[in-house]
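Survey of secondary and tertiary structure
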Amino acid sequence: MANKVYPDAKSALEGFTFDGMSVMSGGFGLCGIPENLIIALRDTGVKNITVISNNAGVDGWGLGLLLETKQIKKMVSSYVGENKEFARQYLSGELELEFNPQGTLAERCRAGGAGIAGFYTKTGVGTLVAEGKETKVFNGETFVLETGLVADLSIVKAWKGDKEGNLIFRKTARNFNPMMATAGKRCVAEVEILVETGELDGDAIHTPGIYVDRIVKGNFEKRIEQRTVTKRENA
Amino acid sequence: MANKVYPDAKSALEGFTFDGMSVMSGGFGLCGIPENLIIALRDTGVKNITVISNNAGVDGWGLGLLLETKQIKKMVSSYVGENKEFARQYLSGELELEFNPQGTLAERCRAGGAGIAGFYTKTGVGTLVAEGKETKVFNGETFVLETGLVADLSIVKAWKGDKEGNLIFRKTARNFNPMMATAGKRCVAEVEILVETGELDGDAIHTPGIYVDRIVKGNFEKRIEQRTVTKRENA
Amino acid sequence: MAWSRDQLAQRASKELRDGFYVNLGIGIPTLVANYIPDGMEVTLQSENGMLGMGPFPYDEDVDADLINAGKQTITALKKTSYFSSSDSFAMIRGGHIDLSILGAMEVNERGDLANWMVPGKMVKGMGGAMDLVAGVKRVVVVMEHTSKDGASKLLKKCTLPVTGINVVDLVITDLGVFEIDKHGSQPMKLLQLADGVTLEEITAKTEASFVNAL
Amino acid sequence: MAWSRDQLAQRASKELRDGFYVNLGIGIPTLVANYIPDGMEVTLQSENGMLGMGPFPYDEDVDADLINAGKQTITALKKTSYFSSSDSFAMIRGGHIDLSILGAMEVNERGDLANWMVPGKMVKGMGGAMDLVAGVKRVVVVMEHTSKDGASKLLKKCTLPVTGINVVDLVITDLGVFEIDKHGSQPMKLLQLADGVTLEEITAKTEASFVNAL
């Protein structure tokens, strides 16, 4: 079978990028983001990207890198509060922004990957996000129609992966990665640990290899946004 | 916290059953069915049950036990071909039957548990299952609206569970169990191995304990419907 | 006199029940975790994909893969499970979380809530707030009773874009506690006054209409 | 002369491509697994929740928790992963499976397929067939060309309740192979004749209209 393993993030994106494309990028804040693939995507120089990601990174890291270079035309996100460059570009009209409630965004990605064209949710009924959208009453309650989302490319980050593309995520670094892996026409995954096929427990695999076109072992900074700690009592 | 662990299937159903109730029952064929809870449900004598289950068991085992005693008023299933008593009751008009495509049934259970009132699928468009249902065109393709399903009670079978109700399924015995666990107003789980909380890997838990009201260690026959084997060559 | 931030959190903690699964918002709601009564088991959900959230870690235990919805480093417990964002919001939207305690900019007497957007200012986004208020069984708001310029935040109608309509069950402010019949037609009820607050004071500072149920 | 069951399976195996993810129906389609060309890697999906299906087990390796969609005991491979029914049909419905090979009672010249119900007979149910034909990228039907009484199963219009409309891409019968432009307006094309079958014979036994593309 065609080899899914690529030597680095740059080669793993070859042929998968083009101007005006849409990209889903996994992660919540800076947790579980595809650090290496974001940098490689920046280095492709591709422009006018629509990025679907819960957050927009921070200044100088994560998707913030793509904002610096003005490669992003539009963001589809639930929260973008950690990024000054984002605010500047948005307020100056350089950047489009579509807010989705976080759960709606997650479900739209799942739906896109699952062949569900639309779904009815209570989330956002009566708010700005429901404006212009169809609503329908089920059992006396009003729901709003949201649509499935797909992207030209998904970039995701997992903890372990095998050569077949099977992925296992770690702790809260799972977040948006599994759904986004299903909703890209192409999906590239970066992992901390790349193992031989057969080393992962089939019951513990979160993302079956069918969703992953290419896989690459990355080097990770794993930056922390809010380092909150408990102080030890004096012994 | 209220103890979720019950000594046997009978006590685990106490107060959760009533005539005319709806029950979701996990499993595919006889694989991963809640054997002990089905027997305990039979022994409650509860009548006029609507059972949501992919299959209807076989004569003398699984949901076939509830057919024998005529406790089932209606089945919502995708395939019921393994059960003569089912056929007899259905053809004589004693039993109602609603067929759902297997994927639609699975998704309806997931939707019910996830607060999704309805979803649009291509499955069944132009067929009998779409009759009387709304359709809608997305991007030039027609989709049919299917609704979320919930039940008064879900009974599921897992491999391992802890006292918190966290569940791990094994191989293809997972099937409908995880979604059904989310879609019952009450959910009772039976497990082969009951462990102390903390013994399961949080990344490997399939069903978080929030979905499980009661848990019981069962005794399992694990019957096989089609024992197909590869013969060894003569050595 | 009025309730302090900690007193607000302590009052909110009285809404907890044994066995509850609870989602706490950022700010004062987070402090509620400090006031879970002894012997009561409450499981905290974090909408980024975790059930069973523990306290902040010791410095040497910080794990970049283990954060809460406020992007703060946290710890796991024995009972902890992890899941994807879609599974997390399935849990929230599906009504499996018993209680959500969160902050607000405005609440109205019908239980509408505004806490995500001030037009004309840079908007950060609603995050999971719209999903939480729409999906969680019981929604408790903890907030200051008035804005910095003294205007009531408990209104007849919200002036800001709302996060949800008919979603709030209880409002705990630094001046008192109000119950809202969000799906019914009962008026908002004043249930409790904060220490040293009079009925006259709270009435004067509340635009919303309410009945005295002290 | 016409193709045998094994020859049908062998012909169907020519639709496989390296790296394909494939779902095989019950009956003749299952036999296709025996004809995967050497050096070609094909991953079999079983809709009850498994990707990477192996052969039947040796007697002592039978595992009640490891079955295929036909409820037969099977084995796993190194690459095998397991998932729930909703995740399995998300994979199917979302268009991630490259090829589905399944049986049929009737197919019409526009790619409609009937394979789940004969009115008046006890109906067993559609199982996953409606999901598979609606979701999988390419659908290949393997069936007898005619019914026991000699009637064509390749029709202008299906007479039985359909499983899906405009879903079949290729029909392989014991008499030959037909291509269907399911989303377009091209006529059905005869691509190949089975060994010893003449154009006259297949034309006589086919109700559907088709063009000769031999």
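Below or above, wherever it landed, is the structure these notes cover. (Residues numbered from 1 in each chain as written. Chains lettered and ligands numbered in written order. Predicted model: local features only at pLDDT ≥ 70, side-chain atom pairs only at ≥ 80, totals over all residues. Heavy atoms only, no water.)

**Description of the overall build of chain C**
Helix and strand counts for chain C stand at five helices and 13 strands. In terms of C-alpha radius of gyration, chain C reaches 17 Å, essentially the compact-globule figure of 17 Å for 214 residues. Each principal axis of the C-alpha atoms in chain C carries an extent, and together these give about 50 × 40 × 30 Å. Looking at chain C as a whole, 60% of its 214 residues qualify as buried. Considering only residue pairs separated by 6 or more positions, chain C has 61% of its internal contacts joining residues 24 or more positions apart. As displayed, chain C has an accessible area near 8,100 Å², and 51% of this comes from carbon and sulfur atoms. In chain C, 20 positive and 27 negative side-chain charges are present, and the distance between their average locations comes to 5 Å. (Helix = DSSP H or I, 4+ residues; strand = E, 2+ residues; numbered from the N terminus. Rg over C-alpha atoms; globule rule 2.2 N^0.38 Å. Buried < 20%, exposed > 50% of the residue type's maximum accessible area, 1.4 Å probe, protein only. Contact = heavy atoms within 4.5 Å. Areas by Shrake-Rupley, 256 points an atom, 1.4 Å probe, with all protein chains shown as cover. Lys, Arg positive; Asp, Glu negative; His and termini not counted. Charge placed at Lys NZ, Arg CZ, Asp CG, Glu CD.)

**Some remarks on helix α4 (residues 84-91) of chain A**
Residue and element names in this part refer to chain A. Looking only at α4, the buried set comprises Glu85, Phe86, Ala87 and Gln89. Contacts made by the buried residues of α4 are with α3 (64-68), β4 (72-77) and β5 (96-99). Sitting at the amino-terminal end of α4 is Asn83, which places a side-chain oxygen 3.2 Å from the backbone nitrogen of Glu85. Positive backbone phi, at 85°, marks Gly93, one or two positions downstream of α4. (Polar contact = N/O pair within 3.5 Å; in protein donor to acceptor, adjacent residues only side chain to side chain.)

**What about the interface of chain A and chain B?**
Contacts between the two partners involve 22 residues from chain A, matched on the other side by 23 residues from chain B. Between chain A and chain B, the buried area comes to about 1,700 Å², and carbon and sulfur atoms account for 49% of it. The interface formed by chain A and chain B holds four salt bridges in total. Taken together, chain A and chain B are joined by 15 residue pairs in polar contact (both at pLDDT 80 or more). If you list the elements that add at least two residues to the side of chain A that touches chain B, you get α5 (102-114), β6 (116-121), β7 (135-138) and β8 (141-147) of chain A. In terms of residues, the side of chain A that touches chain B owes the most to one element, β6(A), which gives six residues. Pairing analysis gives five bridges linking β6(A) to strand β6 (residues 116-121) of chain B, with the strands arranged antiparallel. Its bridge partner being in β6(B), A:Phe119 is matched across the sheet by B:Phe119. (Buried area = accessible area lost by both parts, 1.4 Å probe. Salt bridge = Lys/Arg side-chain N within 4 Å of Asp/Glu carboxyl O. Pairing = 2+ DSSP bridges.)

**Looking at the sheet that holds strand β1 (residues 21-24) of chain D**
The strands that make up a sheet are held in pairs by hydrogen bonds between backbone atoms, and each pair lies either parallel or antiparallel. All names here are of chain D. In spatial order, the strands read β4-β3-β2-β1-β5-β8-β10-β11-β12-β13; together these 10 strands make up an open sheet with mixed pairing. If you trace the sheet from one side to the other, it starts and ends with β4 (76-82) and β13 (211-212), each paired once. By the bridge criterion, three bridges tie strand β3 (residues 50-53) to β4 in an arrangement that is antiparallel. Opposite Met53, over in β4, you have Ala76 as the bridge partner. Sheet strands touched by helix α1 (residues 5-13): β5 (99-102), β8 (138-143), β10 (170-173), β11 (176-179) and β12 (189-193). Its angle to β10, the strand with the most contacts, is close to 155°. Sheet strands touched by helix α3 (residues 85-93): β1, β2 (43-46) and β3. Its angle to β2, the strand with the most contacts, is close to 125°. (Axes fitted to C-alpha atoms, helices over the stretch in contact; angles between N-to-C directions.)

**With respect to the sheet that holds strand β2 (residues 43-46) of chain C**
Residue and element names in this part refer to chain C. Spatially, 10 strands are ordered β4-β3-β2-β1-β5-β8-β10-β11-β12-β13 in an open sheet, and the strand pairing comes out mixed. Taken across any chain shown, the strands that pair with only one partner, and hence form the sheet edges, are β4 (76-82) and β13 (211-212). Its contacts with the sheet place helix α1 (residues 5-13) against β5 (99-102), β8 (138-143), β10 (170-173), β11 (176-179) and β12 (189-193), and it is angled at close to 155° to β10. Of the strands in this sheet, β1 (21-24), β2 and β3 (50-53) are in contact with helix α3 (residues 85-93), which crosses β2 at around 125°.

**Remarks on the interface of chain A and chain C**
Taken residue by residue, the interface counts 52 residues in chain A and 45 residues in chain C. Summing the contributions of chain A and of chain C, the shared interface buries around 4,100 Å²; its carbon and sulfur component is 60%. Where chain A meets chain C, there are eight salt bridges. The partner of C:Arg93 in a salt bridge is A:Glu107, and the shortest N-O contact between them spans 4.0 Å.

**Examining the pattern of salt bridges**
Per the stated rule, a full pass over the model turns up 58 salt bridges over all chains. Note that B:Glu82 and D:Lys71 form a salt bridge whose closest N and O atoms lie 2.9 Å from each other. One end of the pair, B:Glu82, is in the loop between β4 (72-77) and α4 (84-91); the other, D:Lys71, is in the loop between β3 and β4, on a second chain. Here D:Lys71 falls in the buried class, since its relative accessible area comes to 6%. Beyond isolated ion pairs, a larger network of salt bridges with shared partners links A:Lys157, A:Arg170, A:Lys171, A:Glu192, A:Lys222, C:Asp63 and C:Asp65.

**Regarding the packing of aromatic side chains**
Tallying each qualifying case throughout the model produces nine aromatic pairs over all chains. Geometrically, the ring pair formed by A:Phe138 and A:Phe143 is edge-to-face, given 5.6 Å between the ring centres and 85° between the ring planes. Ring geometry for D:Phe178 against D:Phe210: centres 5.2 Å apart, planes inclined by 75°, an arrangement best described as edge-to-face. Remark: D:Phe210 occurs in the loop between α5 (199-204) and β13 and D:Phe178 occurs in strand β11; sequence separation between them is 32 residues. Residue class for D:Phe210 comes out buried when judged on its relative accessible area of 18%. Linked through ring pairs, A:Tyr120, A:Phe138, A:Phe143, B:Tyr120, B:Phe138 and B:Phe143 together constitute an aromatic cluster. Geometry around A:Phe220 places A:Lys157 over its ring, the cationic atom sitting 4.9 Å from the centre. Against the face of A:Phe16 rests A:Arg214, its NZ or CZ located 3.7 Å from the ring centre. (Phe/Tyr/Trp six-rings, centres within 6.5 Å; stacked < 30°, edge-to-face > 60°. Lys NZ or Arg CZ within 6 Å of the ring centre and 35° of its normal.)

**Concerning the relation of the copies chain A and chain B**
Mapping one chain copy onto the other needs a rotation about an axis and a shift along that axis. Expressed as a screw operation, the relation of chain A to chain B combines 0.0 Å of axial shift with a rotation of 180°, fitting to an RMSD of 0.0 Å. On the angle and the small slide along the axis, the relation comes out as a two-fold axis. Considering only C-alpha atoms, the residue of chain A closest to the rotation axis is A:Phe119, which sits at 2.1 Å. Both copies present the same face, since 100% of the interface residues in chain A are matched by interface residues at the equivalent positions in chain B. (Least-squares fit on C-alpha atoms with pLDDT ≥ 70 in both.)

**Considering the pairing of β2(D)**
Residues and elements named next belong to chain D. Going residue by residue along β2, you find Thr43 and Gln45 tucked away on one face and Leu44 and Ser46 tucked away on the opposite face as well. Both β1 and β2 contribute to a ladder of three bridges, which runs parallel. Looking at the pairing, Asn23 lines up with Gln45 of β2. Where β2 lies against β3, two bridges are found, and the strand directions are antiparallel. Across the sheet, the residue bridging to Gln45 is Leu51, located in β3. The antiparallel pairing of β2 with β3 creates a hairpin that spans three residues between the two strands, and Gly49 there sits at a positive phi of about 125°.

**What to know about the side chain of D:Glu47**
As for its position among the elements, D:Glu47 is in the loop between β2 and β3. Buried charge D:Glu47 goes without a salt bridge, the closest partner of opposite sign being D:Lys71 at 8.5 Å. Here the side chain of D:Glu47 touches D:Asn23 through a polar contact of 3.0 Å, side chain to side chain. Setting aside chain neighbours within four positions, we find D:Glu47 in contact with B:Gln102, D:Asn23, D:Ala69, D:Ser88, D:Phe89, D:Ile92 and D:Leu132.

**Some words on the pairing of strand β11 (residues 184-195) of chain B**
Residues and elements named next belong to chain B. Here strand β9 (residues 151-162) pairs with β11 via 10 bridges, running parallel. From the neighbouring strand, Ser154 faces β11, where its bridge partner is Cys187. In terms of strand pairing, β11 meets strand β12 (residues 214-217) through four bridges, oriented parallel. The residue of β12 that forms the bridge with Val188 is Arg214.

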